[in-house]
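# Descriptive analysis of the structure
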Amino acid sequence: MKGIILAGGAGTRLSPATAPISKILLPVYDRPMIYYPLATLMSAGIRDILVITNEADRGNFERTLGDGSQFGVRISYETQYVQRGISDAFIIGREFIDRDRVALILGDNIFHHAEMVDTLADAMNSKSGATVFGYRVPDPERFGVAEFDKDMNVVSLEEKPAAPKSDYAVVGLYFYDETVCDRADSLEPSARGELEITDLNRLYLNDKDLSIRIIPEEAEWIDAGTFESLLESSEYVHDTEKSLGKKILCPEIVAMKQGWVDAESMRSYLKNQKKNEYFRGIEREIESMRRPNPGSPRWRNAGGSNPARVPPCLWKQPDKADRRSVCRSYG
């Protein structure tokens, strides 16, 4: 499966902050916004990734991410010269997709949850049709909305309805089979002149080939495309990392966990970076991966009476925040 990050658009909702640079490159806490959707695709096991950007910012994205080798992935780039909607990504990316299955994530969408890796794996295992994600929101009229029957099967999809039929927004992460490019080609522009993602999903729904995964309410989904949500996303990442005592949603860490980059290569990469708190956090995480797991047979205290068998220099007892159920977060 391949992946696409849609990072085009003019970012008018964040003007004038986006006058000098794409909103997808604005900082969310201590790294560019695009690091978060990139980490999500990588967490799903996707290594071949296309970034679609606008003409003015393409060079900035290339300087930010390069070819992706530092993260153990391959990143290529295409330009969306005219804003024609989300579904246009599959027309622009047709050659890249090459009749493979593909996941699309919007560049300003941030997902985080303890079970997110399992949720992504579930979508990855679907060999046909489309898989989308629903999240309960207080303002569904701002989004594409899914209507359900009593068994929580999707019966209709509407784009930004004035009177939503449910509180579940279809969020900016989609998995499609190899027919998606042909389906996108068949779409007609909407009244606002765009190839709507809801219309594409409706084609799958009409063929009874669309499934939806509900993201639990305790998960975090942020559409960081407004001033308020941009601030909220930075605060969320800061507070979550402080609570857990580790970094989240970092491509460097995901690459290490996936086994795509070894410790030696990552250290070599980090040597060339500024010694700021972001990269120090990456270094700490790398070192923690090298420590023995106190729950493994090697360190387990069979007699149950001598905790000194775990050398204190190699393992630190987790604090209360680390023992919470949200501890098993990805990235």
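Note that the structure is a prediction, hence the values are computed from the model and not measured.

### Here we look at the confidence of the model for the protein
Looking at the protein, pLDDT values average 88 and 88% of them are 70 or higher. A low-confidence stretch, residues 296–330 stays under pLDDT 50, and its non-local contacts, those more than four residues away or across chains, total 54 contacts.

### Overview of the pairing of strand β8 (residues 130–136)
Of all the 7 residues making up β8, 6 are buried; the element is thus mostly covered by neighbouring parts of the structure. Note that β8 and strand β11 (residues 168–176) share 6 bridges and pair antiparallel. Note that in β11 the partner of Gly134 across the bridge is Val170. Bridge count between β8 and strand β12 (residues 210–214): 5 bridges; the pairing is parallel. Across the sheet, the residue bridging to Ala130 is Leu210, located in β12.

### Observations regarding empty space enclosed by the protein
Following the criterion strictly, the structure yields 2 cavities of 30 Å³ or more and no others. The calculated volume of the largest cavity comes to roughly 40 Å³. Taken together, Met1, Arg101, Ala123, Ser126, Ser128, Gly129, Ala130, Thr131, Phe175, Tyr176 and Asp177 make up the full set of residues lining the largest cavity. Among the secondary structure elements, those contributing two or more residues to the lining of the largest cavity are β8 and β11. A class-by-class count of the residues in the lining of the largest cavity yields 5 nonpolar, 4 polar and 2 charged.

Rules of the game
Residues numbered from 1 in each chain as written. Predicted model: local features only at pLDDT ≥ 70, side-chain atom pairs only at ≥ 80, totals over all residues. Heavy atoms only, no water. pLDDT = per-residue confidence, 0-100. Contact = heavy atoms within 4.5 Å. Buried < 20%, exposed > 50% of the residue type's maximum accessible area, 1.4 Å probe, protein only. Helix = DSSP H or I, 4+ residues; strand = E, 2+ residues; numbered from the N terminus. Pairing = 2+ DSSP bridges. 1 Å grid on protein atoms, 1.4 Å probe; cavity = no way out; pocket = protein on both sides within 12 Å on 5 of 7 lines; lining within 4 Å. Points joined across faces, edges and corners; volume = space filled by probe spheres on them. Nonpolar A, V, L, I, M, F, W, Y, C, P; charged D, E, K, R; others polar.

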